[in-house]
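# Fold and geometry: a report
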Amino acid sequence: MPTNSQSAHLPFGENKNAEWYGKDIISVKQFSRKDLEYIFGVAHEMRGMVERVGTFDLLKGKILANLFYEPSTRTSSSFTAAMERLGGSVIPINEVKYSSVSKGESLPDTIRTLECYADVIVLRHPETGSAAIAAKAAKKPVINAGDGVGEHPTQALLDIFTIYEELGAGQVDGMTVTMLGDLKYGRTVHSLTRLLSMFTNIKLNYVSPEILKMPKEVMDEIAEKNIPQAEFNTLEKVLPETDVLYVTRVQKERFEDPADYENVKGAYVIDPEIMKSAKKEMIVMHPLPRVGEISTDFDDDPRAAYFRQMEYGLYVRMALLAMVLGKA
């Protein structure tokens, strides 16, 4: 694994026998610790290349279909930027409700149609398990960009890569990571928790309102690996020991009862005052968008890593696209 000051000098070029060539990226469960080190090595090299030359022709002639059944700004534009930085082209499909889907076309048929035009498909869909259905229908690689309240594997990968780049790869083992906010519907924290379980001496804290607790099935998975985890309804007790504070918004669109949302939407707010009790060397992350759970007054604090986190996502998605298209 390259350090922040050392580039990987990876041999980019066509390699249809590469381990990741033609593979789907559906769940964090498909990755090993060794896989993470490889992905982050490629991502680190991508970062260096973007900083040096901006764009290059690694994926020239390749086409990405960005198929989004849910609104997205960050993930959609991140994949578009990643493909274009690599010299490829993008078919953007961000208003699926106006397409053939509104006429009753099934997801498998939509996927089979798009792969006639594209070399890789990125899918966001409101139903859990939809990415696996798409991958089964497709002969081209499918990358899961979020399936309902299930998983968001590329977000989890960029989250770990952010920790690597901000605090050092060797620092993840032994960290205390505190997740705050909507842990029930937040697919980002479900995937991130599973990835963090690959590291040693990790401690996980979950801070949320009672109705937004981390799902039992996720906690049971972590418990099987004998990783310490604890639940709280206030942040104050665990903040001083926290190395990574991962904040999530309360997702209004996931609530069936608007009254439940109103009761919990402002439960936690990160601001300079509350962060006085946090470590000097730690980071605050957020998958964005935020809706008040982190005060803008905190944005200039060097521990505020959430916008840098978005940039790291570009490099991870560049790495994944190159890998599944046999160019890394």
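Residue indices begin from 1 for each chain and proceed along its sequence in written order. The predicted nature of this model means local features are confined to residues of pLDDT at least 70 and side-chain atom pairs, given and counted, to a pLDDT of 80 or more, with totals for whole chains, interfaces and linings taken over all residues. To obtain the side-chain values, all non-hydrogen atoms of the structure were used and water was disregarded.

### Thoughts on the overall build of the protein chain
When helices and strands are counted, the protein chain shows nine helices and nine strands. A buried classification covers 54% of the 328 residues belonging to the protein chain. Any two residues having at least one pair of non-hydrogen atoms within 4.5 Å are treated as being in contact. Long-range pairs, those at least 24 residues apart, make up 75% of the contacts in the protein chain between residues at least 6 apart in sequence. Here the protein chain displays about 14400 Å² of accessible surface, and carbon together with sulfur accounts for 49% of that area. Each helix corresponds to a stretch of at least 4 residues labelled H or I by DSSP, and each strand to a stretch of at least 2 residues labelled E; elements are numbered beginning at the N terminus. Three exposure classes are used, based on accessible area relative to the maximum for each residue type with a 1.4 Å probe and protein chains only: buried under 20%, partly exposed in between, and exposed over 50%. Residue exposure ignores everything except the shown protein chains as possible cover, and the areas themselves are Shrake-Rupley values with a 1.4 Å probe.

### Focus on unusual backbone geometry
Each neighbour pair has its own omega, and for leucine 288 with proline 289 the value is 5°, a cis peptide bond. Checked against the element boundaries, proline 289 lands in the loop between strand 9 (283-285) and helix 9 (306-324). Even without being glycine, asparagine 201 reaches a positive phi, approximately 55°. Considering the arrangement of structural elements, one finds asparagine 201 in the loop between helix 6 (187-196) and strand 6 (203-207). The phi dihedral of leucine 288 falls on the positive side, at around 60°, and the residue is not glycine. Structurally, leucine 288 is set in the loop between strand 9 and helix 9.

### Focus: helix 3 (residues 107-114)
Residues that lie three or four places apart on an α-helix share one face, since the helix turns once every 3.6 residues. Where helix 3 is concerned, the buried positions are Leu107, Thr110, Ile111 and Leu114. What you see down the axis of helix 3 is that its buried residues fit within an arc of 100°, all on one side. Of the surrounding elements, those touching the buried residues of helix 3 are strand 1 (63-68), strand 2 (89-93), strand 3 (120-125) and helix 4 (130-137). Regarding helix 3, its N-cap is serine 106, as a side-chain oxygen of that residue lies 3.2 Å from the backbone nitrogen of aspartate 109 further along. The arc in question is formed by the directions pointing from the helix axis toward the C-beta atoms. Think of a polar contact as two N or O atoms within 3.5 Å of one another; within protein, one of them needs to be a possible hydrogen donor and the other a possible acceptor, and neighboring residues in sequence only count if both atoms come from side chains.

### What to know about the pairing of strand 8 (residues 244-247)
Residues Val244 and Tyr246 line one face of strand 8 and the alternating positions Leu245 and Val247 line the opposite face, and both faces are buried. For two strands to be treated as a pair, DSSP must find at least two bridges joining them. With three bridges connecting them, strand 8 and strand 9 associate as parallel partners. Looking across to strand 9, one finds that leucine 245 is bridged to valine 284.

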